[in-house]
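Residue-level listing of the chains:
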Amino acid sequence: MFNRNCESQSDVLKQKALELEKIDLPIASYIVEENGEFVFANDNLIKLLNLNIIDGFVEDNITRFYEDAIKNEATGEWESVTRKRILEKMKHSNSEHLEGQPTKFKVRNNIIWVVNNCKEIINNGSTAGYLGHIINVTEEESFKDLFERLPAGIYRLDKNDIIIKVNKALANMLGYDSSEELIGNESKKYFSNPEHSENIKNKLIENGIVNDFQTDLKKKDGTELTVNIFASQILDTDLKYNGREGTIIDVSRKATYEQLVNSIPVGTYMVRFEGEGETRKQHIIDCNKAFLDMFEFENLELKKGIDISELYVNKEDLYKFNKAMEANDKEGKPITNYRINVISKKGKTFTINANSAYTKDNDGHRIGRAGVVLDISQELSLIEMRDDIGRVLHSYNTLLSSLDLSLRSVYSPLYPLIFNPKKFMNSEQTLNIIEPLRTRLITSIESLLSDYSIQEKEKIELFRIGLKENLEKELLLLSKCKDKTSSSEQALPYLQESASYLVKLTNRMITIQKSKKNQNKNNDKLFKIFKSSLSKIINVNEASSDLERNLCAMTLKRAIDQVLEMEHPLNALREYVLFKNRPVEEKKPCKIKNLVILAEDMLIEFAKSRNVEIRYPGKIYDIFVWGDERGLVRAITNLLHNAIKYSWHKRTSNAWINISTQFEKDKVLLILENWGVPIDEDEIKDKLIFLFGYRGRRSGDKLRKGTGTGLTDVLEVVKEHGGTLEVFSEPTVRDSFNYPDYDKPFITRVVMTLNIYK
Amino acid sequence: MKTILWIEDDSNHDVVKLCPAVQREPDWIFHIVPDVTQAISRIKSNRYDTIVLDIRIEPGRDKNWENLYIKKGASKNSARLGIELLYSMLNPRNDSIKVSEVPKWFSKHLIGILTVESLNELKDDLKNLVICEERYIQKKGGMSKKTLKNLIKRILSNK
């Protein structure tokens, strides 16, 4: 089609246009004036550029199609820098065809890529216009553009693994500014493990394609980049390997995420459903390392798409689990903390805590599920072990009760005693009570020995059989009791040992005296010796028996006290151990007064055995707190037991514990106060006394049995109830330097604060 | 006269019955201390022919030993300060508490161990400390009142 003003245009151009029309090339062709105004455009070009056709004439200008074309408002002419550059080049082409470079044209607001091959038309030595062919290369160029713009790296290698093409994205991915920096290099140079490059090639030759090959590439700065490589092979005409091409995706974040997922100690998995109803398969499509380890699988096996149903011990359990999942899903919730038995590939059965939710397609159909599983076998074993420990502790408690009864039953043969077994005595008091018996025994031995000191013949005989020597030795040991022992606790068995020995010795002497008829010659001599001092021998015998009997009774009393003392810690420990296994007790309003009374009832016998008086100097208010009664009673019992155990005994009066309550806004303060064993400041400040198993630094007295769990348990209970626990220990006596006298009792105050229930 | 030190925090109670047999020996001077602090103090101020110790003892007032005790679980059972004391005085490890001026007479030959811990639990430590198993006795039900005395006699005769 010609321009309307063709007649006025250059003859040369007209001539060329006529020739072009006649040829009717199958490609888009044109002739334009120097300013770009069309002289002629064939149908292909009209169609391609959607040229303006008015009344059968083409009225358009090629310049306006260049992407950077702008209309000069002053002249009304189209101007394009790109075209200007092309025309410049043309002037140096000696009227040869200039092979165009792909250029962007704007057609109807769309960008198309064209190659404009054109030639200058010269008339009388100057440019008359241009003859050109335009080829639409949009598809090819778009691909090229995509190649460059894709965020994924694209590459092509030759058969020797030399890089022949990479896009900018890949270059940038590896820290290079341009693709040219990589082209021509061996690909393995960029692999952290060069063997991986070879592995990919081998797999390609074997399978034709490689998917998801994860490896680390080396960046320009030496750091590493985790990537997934996809590759397909390029074959030559003989269908032999001639190189490869593909994409590389930066999966550093994904890799980091996967690393994280694989490092967590819970199993994660994803399942895809196949089929419907009972025959539905649930193939595992992904899982983390913990899941693999848990079920003793190797990754490859899972990729084969194992059915997760095979991991459940019991199909009925699985059915119930699926039903529960469906029920939860209907409420829009995932299933959580569902306990179910499973079996590993190697046949190990264990219990998991399953948490799972359906995955759905865009229409909301369930297409699979994903979840998190936790092996709780150990936890269950722990629970079972706790139960076992609880049972053992329970049998110990029973044993203690039985022991208590048995020990009390052997008191009566030991009467009369010089002390009241129902009254508490510390070892020093015990030693003081026993002292007259020791003195009496010493005096009786001295008296007996005085009889033997002058009769030389008999003396020799007595020495021969060791009697006199032993009496003298025991006399010395009894006299030096305080020097030989380092505590009153040690003095008691020490004295008992002497008394016991003397009982045996004098019994033997008395036996000889009483059985005259059977005496041999030697015993006859002894008979005569003993006869003269029989009353003194009997005195020693009675004194040592008295001492031994009373010391036995004291040992018995100590044992009974210890049984009572152990009863609560053992019970509390059992409660503490089993507390974790029990279902959470329902909380309810609990009257604080009742809690205290229940605690006191449990410890009344122990308090009596320790001569500790439990006092209520103020009113215990009828206040309610909201809580677990069992736990709160256990906590108060623990506090009360500690107070009894650590109370200080004066010689003249009983020890005491004051229990009282106070208010503070909406809180009630239960206060237990006593004079007792000091607690060091740092033990309170650093919360050492609340550590599990910690026994107070100054509470190491073995008469104060304990497990070091009491305050830990109390604190847990109090926290569970939103309360607080405070312990104060203040000296009652300070020295002249204001330093606490640790040999004197401290006032210990324990304050348990709980929320009042309204 | 022979001097004997027993490092035992239970000497006034659970194992008090072991004392008389030793205390009644006329030629023995018998000292008892309940914790590490007092043990070190006694060892530095007296010369002993035999030292019998328990493994599960308390630290006493020395801050270093107290800190170690807390670090090791604040329990006699977990802290095993008896063993730590032996390491410190006989064969210090990197993390052992340094005991200054350990007397020259102090040696593995005068050590005896009387503890509830089984030989199996102690085997490695005894090996490291080069203390032979004959110097160890386990505290257990049914042991004789003369257990401690016999151990001391054994150590005195083997020294």
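These remarks concern the structure in this document. Everything numeric in this text was worked out from a predicted model, so none of it was measured.

## Concerning the packing of helix α20 (residues 629–645) of chain A against helix α22 (residues 710–720) of chain A
Residues and elements named next belong to chain A. Contact geometry for α20 and α22: axes closest at 9 Å, N-to-C directions at 145°. Viewed along their axes, α20 and α22 form a crossing whose handedness is left-handed. Contacts between α20 and α22 pair Gly-631, Leu-632, Arg-634, Ala-635, Asn-638, Leu-639, His-641 and Asn-642 from the former with Gly-710, Asp-713, Val-714, Val-717, Val-718 and Glu-720 from the latter. When grouped by side-chain class, the residues that make up the contact of α20 with α22 number six nonpolar, five polar and three charged.

## Overview of helix α3 (residues 63–71) of chain B
Residues and elements named next belong to chain B. Within α3, the full set of buried residues consists of Trp-65, Glu-66 and Tyr-69. An end-on view of α3 places all buried positions within 100° of arc, on one side of the element. Across α3 from its buried face, at more than 90 degrees, point the exposed residues Lys-63, Asn-67 and Lys-71. Buried-residue contacts for α3 involve α2 (36–45), α4 (76–79) and α5 (81–90).

## Some details on the interface of chain B and chain A
Size of an interface, as often reported, equals the accessible area lost when the parts are brought together. Every contact between the two is made by 18 residues of chain B and, on the other side, 18 residues of chain A. No other element matches helix α1 (residues 19–23) of chain B, which puts three residues into the side of chain B that touches chain A.

## Examining the environment of Ala-370 of chain A
Residue and element names in this part refer to chain A. Among the secondary structure elements, Ala-370 is positioned in strand β19 (residues 366–375). Residue classification places Ala-370 among the partly exposed residues on the basis of 17 C-beta atoms within 10 Å. In sequence terms Ala-370 and Tyr-269 are 101 residues apart; their C-alpha atoms lie 5.6 Å from each other. Contact partners of Ala-370, with chain neighbours within four places excluded, come to Tyr-269, Met-270, Ser-356, Ala-357 and Thr-359.

## With respect to the sheet that holds strand β23 (residues 655–664) of chain A
Residues and elements named next belong to chain A. The sheet built from five strands is open, its strands ordered β21-β23-β24-β26-β25 with mixed pairing. The strands lining the two open edges of the sheet, one partner per strand, are β21 (612–615) and β25 (724–731). Sheet twist, expressed as the average angle between the axes of neighbouring strands with direction ignored, equals 20°. As paired elements, β25 and strand β26 (residues 746–755) share eight bridges and run antiparallel to each other. Considered in β26, the bridge of Phe-728 is made with Arg-749. Running over the sheet, α20 touches β21, β23, β24 (667–676) and β26 and is turned about 20° from β24.

## Things to note about the environment of Asn-52 of chain A
With respect to the helices and strands, the residue Asn-52 of chain A is situated in the loop between α2 (43–49) and β3 (53–54). Taking the number of C-beta atoms within 10 Å as the measure of exposure, Asn-52 of chain A has 13 and is therefore partly exposed.

## A few points about helix α7 (residues 252–263) of chain A
Between the first and last C-alpha of α7 of chain A there are 16 Å, a value that for twelve residues agrees with the 16 Å anticipated at 1.5 Å per step. Across the twelve residues that make up α7 of chain A, only a small minority, zero, are buried.

## Looking at the nonpolar core
Ranked by size, the top nonpolar core spans 67 residues in total, and within it Leu-441, Leu-495 and Leu-547 of chain A together with Ile-7 and Val-52 of chain B carry the most contacts. By residue number, the principal contributor to this core is helix α16 (residues 488–514) of chain A, which donates nine residues. In this structure Ile-7 of chain B touches Val-33, Ala-39, Ile-51, Leu-53, Asp-54, Ile-57 and Gly-82 of chain B, once residues within four positions along its chain are discounted. Grouped together as the second largest cluster of nonpolar side chains are 38 residues, Val-596, Leu-603, Ile-657 and Val-727 of chain A included.

## Regarding the pairing of strand β22 (residues 624–627) of chain A
Residues and elements named next belong to chain A. Burial along β22 is one-sided: the residues Val-625 and Gly-627 are buried and none of Phe-624 and Trp-626 is. Of the strand pairs in this sheet, strand β20 (residues 588–591) and β22 are connected by four bridges, and their pairing is antiparallel. Residue pairing across strands places Pro-589 opposite Trp-626, the latter belonging to β22.

## Regarding the sheet that holds strand β11 (residues 163–166) of chain A
Residues and elements named next belong to chain A. One open sheet accounts for five strands, arranged β11-β10-β14-β13-β12; its pairing is antiparallel. Pairing within the sheet leaves two strands with one partner each, and these edge strands are β11 and β12 (209–218). With strand direction ignored, the average angle separating the axes of adjacent strands in the sheet is 25°.

Definitions and cut-offs
- Residues numbered from 1 in each chain as written.
- Chains lettered and ligands numbered in written order.
- Predicted model: local features only at pLDDT ≥ 70, side-chain atom pairs only at ≥ 80, totals over all residues.
- Axes fitted to C-alpha atoms, helices over the stretch in contact; angles between N-to-C directions.
- Helix = DSSP H or I, 4+ residues; strand = E, 2+ residues; numbered from the N terminus.
- Left-handed = near helix turned anticlockwise from the far one by under 90°.
- Contact = placed C-beta atoms within 7 Å.
- Nonpolar A, V, L, I, M, F, W, Y, C, P; charged D, E, K, R; others polar.
- Buried ≥ 20, exposed ≤ 12 C-beta atoms within 10 Å, placed from the backbone.
- Arc of directions from axis to C-beta.
- Pairing = 2+ DSSP bridges.
- Expected span 1.5 Å × (residues − 1).
- Core = buried A, V, L, I, M, F, W, Y, C linked by C-beta atoms within 7 Å.

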